[in-house]
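Breakdown of the fold
So you can see what is in the structure, the chains are spelled out below.
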Amino acid sequence: MTHTEAPGLLLRNVRPYGEGDPVDVLIRDGLIAAIGADAGAAAPTDTEVHDLGGSVLLPGFVDLHTHLREPGREDTETIASGSAAAALGGYTAVFAMANTQPPQDNQTVTDSVWRIGQEVGLCAVHPVGAVTVGLKGEQLTEMGQMAAGAAGVRVFSDDGMCVYDPLIMRRALEYSAGLGVLIAQHAEEPRLTKGAVAHEGPTAARLGLTGWPRSAEESIVARDAILARDAGARVHICHASTTGTVELLKWAKDQGISISAEVTPHHLLLDDSKLETYDGVYRVNPPLREAKDARALRAALVSGVIDCVATDHAPHAAQEKCCEFAAARPGMLGLETALPIVAALLVETGDMTWRDLARVMSVRPAEIAGLTDQGRPIEVGEPANLAVVDPDSSWTVIGDELASLSANTPYEGMTFSARVVGTIYRGRVTTRNGEVIA
Ligand code: DOR
Ligand code: ZN
């Protein structure tokens, strides 16, 4: 089903960026038509009216890092179920990673993912193209064809795998600069992570788990910053997880290198003490680090050294997670819980304003990916891609109740204050009070 004709919409009693007194926001033809106490005066009689009781209004969130599992593992997530999870989380655009089966390493697959995303119509689904054929790290894909196709692919990544060969990475960066696209690197030197399942440190040593050193990530971040500099290209670092990565990003940005980075909600909130129970739900790549890493990541997001939050939403079937820790698949759900976590860690503590949160969850990710219709200011004439947040809800996470087809959330039973209570995509309400509006 496609939704081209959006009805007029009047959002009553909302506070853009959580600032000032509540106002009304009128939406027509997919655009913000009026903002203010009398915005409703211009509304036609068939306008749909929602009183939002003083909730915070933000630009719809943009996720640079989502795994939707279609094609290939539709038992764990589909483009439809993942779009529903995204919309419920306040997202109006997601970037679907290339490690599907078959992988998104050619135009046929990227265009098909794009088309299905359009048909579902709950948020923009931008397929990420693979950098190398089969994500094997050996031969570059036809990035130009994927970029020129219907999907207009703008972000390329072998995420799940690192583009480990420095010569291949150099060539990928050179081509990307020519095409005006972005390479997003999963920074993991595979020679340093053979058999690794947990952060290399005292916890893994005590639990008898093979360790994944910080250097496996940091050595690639340093290398790729230098390769990007010399190629005159941009590079984006996926899921930054260590104190050293933060220092390297700061160094590279101070040199004027075009580098950007994301951090996940789980690396901001959790640390490797969670592994004590050997519960496979906590296995993720890169692994949960130490408390001091999480602290450094939060500070880097506040200061702008890390640009944005990305979920790395990674659905897995129960039998792939509820097993021996070392046998569990890496990855955890993220789309429906990102906003409550970032708000709890950074807004409720006073470290960030709602406007700052909009920067790291919407404005910067849209800029990094080159989206012109997302992450826009809440102003008259701008596209109506919006998220409505109730800062004083009390919401308890229950994996089985999430819209995702999988339930591998590490936040089971946790209660959060802030919750997304509505999402508007291209002028249409896609979710309301935790329900998807078809
Ligand atoms: O934990 C992860 N899961 N990290 C990745 O890089 C890939 C992802 C997945 O595809 O499950
Ligand atoms: Zn990754």
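Residues numbered from 1 in each chain as written. Chains lettered and ligands numbered in written order. Predicted model: local features only at pLDDT ≥ 70, side-chain atom pairs only at ≥ 80, totals over all residues. Heavy atoms only, no water.

Following the sequence through the fold, Arg 364 ends up in helix H12 (residues 354–369). By relative accessible area, which is 24% here, Arg 364 ends up partly exposed. Considered as a pair, Arg 364 and Glu 336 are 28 residues apart in the sequence and their alpha carbons are 20 Å apart. Contacts of Arg 364, omitting those with residues within four sequence positions, involve Asp 307, Cys 308 and Arg 359. (Helix = DSSP H or I, 4+ residues; strand = E, 2+ residues; numbered from the N terminus. Buried < 20%, exposed > 50% of the residue type's maximum accessible area, 1.4 Å probe, protein only. Contact = heavy atoms within 4.5 Å.)

It is worth spelling out the site of ligand 1 at this point. Every one of the 14 residues lining ligand 1 counts as a neighbour, but Arg 69, Asn 99, His 186, Asn 285 and His 316 are closest to it. Contact between ligand 1 and His 67: an oxygen atom at 3.5 Å from a side-chain N or O atom of the residue. About the coverage of ligand 1: the protein hides 94% of its 280 Å² of free accessible area. (Near = heavy atom within 4 Å. Polar contact = N/O pair within 3.5 Å; in protein donor to acceptor, adjacent residues only side chain to side chain. Areas by Shrake-Rupley, 256 points an atom, 1.4 Å probe, with all protein chains shown as cover.)

Quick look at the coordination of the zinc ion (ligand 2) now. Protein coordination of the zinc ion (ligand 2) is provided by Asp 159 (OD), His 186 (ND1) and His 239 (NE2), with donor distances spanning 1.8 to 2.3 Å. Each of the four donor atoms around the zinc ion (ligand 2) contributes to a set of angles spanning 85 to 128°, which defines the coordination as irregular. Here the donor residues for the zinc ion (ligand 2) map to a single chain with the spacing D-x26-H-x52-H. Pair noted here: His 186 is in the loop between strand S9 (182–185) and strand S10 (198–199) and His 239 is in the loop between strand S12 (235–237) and helix H7 (243–254), with a separation of 53 residues, a long-range link. A relative accessible area of 2% places His 186 in the buried class. (Donors = N, O, S within 2.8 Å, 3.2 Å for Na, K, Ca; no water. Tetrahedral: all angles 85-135°; square planar, octahedral: opposite > 155°, others 65-115°.)

Taking 1.5 Å per residue, 16 residues should reach 22 Å; H12 reaches 22 Å between its end C-alpha atoms and fits that length. Val 360 marks where H12 bends most, by close to 40°. Turning to H12, its buried residues number three or more, namely Trp 354, Leu 357, Ala 358, Val 360, Met 361, Ser 362, Pro 365, Ala 366, Ile 368 and Ala 369. Positioned one or two residues after H12, Gly 370 has a phi angle of 75°, which is positive. (Expected span 1.5 Å × (residues − 1). Bend = angle between axes of the 7 residues up to and from the residue.)

Don't take any of this as a statement about function, it's just geometry.
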